[in-house]
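Spelled out from the first residue to the last, the chains are:
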Amino acid sequence: MKKDIKPTRSIPILKPGKRETGTSKELPLGKLVITYGDHAGREYRVGPKTVLIGRADQCDITINDSSVSRKHASVERKDGRFLLQDLKSTNGTLVNGESIDVHVLSHGDKIRIGRTVFQFLGREITLTLG
C-alpha cells in the first residue's frame with residue numbers, strides 16, 4: 001500500500017513583503033519542506049496559526065504512515081519563535097537526530113516524524129502586514 005501525505009487545508013507559501021490589510025505588525029513566517037519521504041519537495045507554511053502534524057484526517061499535514069501517531073506533533077509561533085511540540089506520540093519526534101518534547105526551531109533544523117523528514121526554513125521569510 002502506497003503511503004500518502006496530503007494537506008487537509010490549504011497552507012499557502014506567502015512571498016516576503018506581501019502586504020495584507022488590518023494590522024501593522026511584522027509577522028515572522030516559516031516553512032516546512034519535506035526532504036525525505038513519499039512527497040519530497042512538498043512545502044507547508046507555518047505561522048501564524050498552529051499547524052498539526054499526524055496521521056488523522058483533521059491534521060493540517062497528514063502523513064499516512066503507521067509509525068506516525070494520529071496527532072503526532074504541532075508547530076506554533078509564540079513570541080516570535082516557532083515551537084515544535086511532540087504530542088505524546090508513540091514513536092517520538094526527532095530534531096537533528098535528538099528526541100524532543102518541545103523544541104525552539106532554528107533555520108535548517110531537520111525534523112523526523114515517522115519515515116518523513118522535514119527541514120524548517122525560517123530566517124528569510126517575513127510577512128509585513130499593514
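To be clear, the structure that these remarks concern was listed above.
Here's a quick rundown of the structure. (Residues numbered from 1 in each chain as written. Predicted model: local features only at pLDDT ≥ 70, side-chain atom pairs only at ≥ 80, totals over all residues. Heavy atoms only, no water.)

### Examining the packing of aromatic side chains
Thinking step 1. Inspection of every chain in the model, using the stated rule, returns one aromatic pair.
Thinking step 2. Plain terms: the ring middles of Phe82 and Phe120 are 5.3 Å apart, the flat faces sit at 55° to each other, and that makes the pair tilted. Of the two residues, Phe82 is situated in strand E8 (residues 81-86) and Phe120 in strand E13 (residues 116-121); the sequence distance between them amounts to 38 residues. An identical accessibility class is assigned to Phe82 and Phe120; each is buried. (Phe/Tyr/Trp six-rings, centres within 6.5 Å; stacked < 30°, edge-to-face > 60°. Helix = DSSP H or I, 4+ residues; strand = E, 2+ residues; numbered from the N terminus. Buried < 20%, exposed > 50% of the residue type's maximum accessible area, 1.4 Å probe, protein only.)

### Structural notes on the sheet that holds strand E4 (residues 43-46)
Pairing between the strands of a sheet is mediated by backbone hydrogen bonds and can be parallel or antiparallel.
Thinking step 1. Strand order in the open sheet formed by six strands is E4-E3-E13-E12-E9-E10, and the pairing between neighbours is antiparallel. Looking at which strands have only one partner, the edges of the open sheet turn out to be E4 and strand E10 (98-100). On average, adjacent strands in this sheet sit at an angle of 30° to one another, irrespective of strand direction.
Thinking step 2. Here four bridges tie strand E12 (residues 110-113) to E13, and the two strands are oriented antiparallel to one another. Considered in E13, the bridge of Ile111 is made with Phe118. (Pairing = 2+ DSSP bridges. Axes fitted to C-alpha atoms, helices over the stretch in contact; angles between N-to-C directions.)

### Some remarks on the pairing of E8
Thinking step 1. Here six bridges tie strand E7 (residues 73-78) to E8, and the two strands are oriented antiparallel to one another. If you follow Ala73 over to E8, its bridge partner there is Asp86.
Thinking step 2. Where E8 meets strand E11 (residues 102-104), three bridges bridge the pair, whose relative direction is antiparallel. Bridge pairing in E11 places Gln85 opposite Val102.

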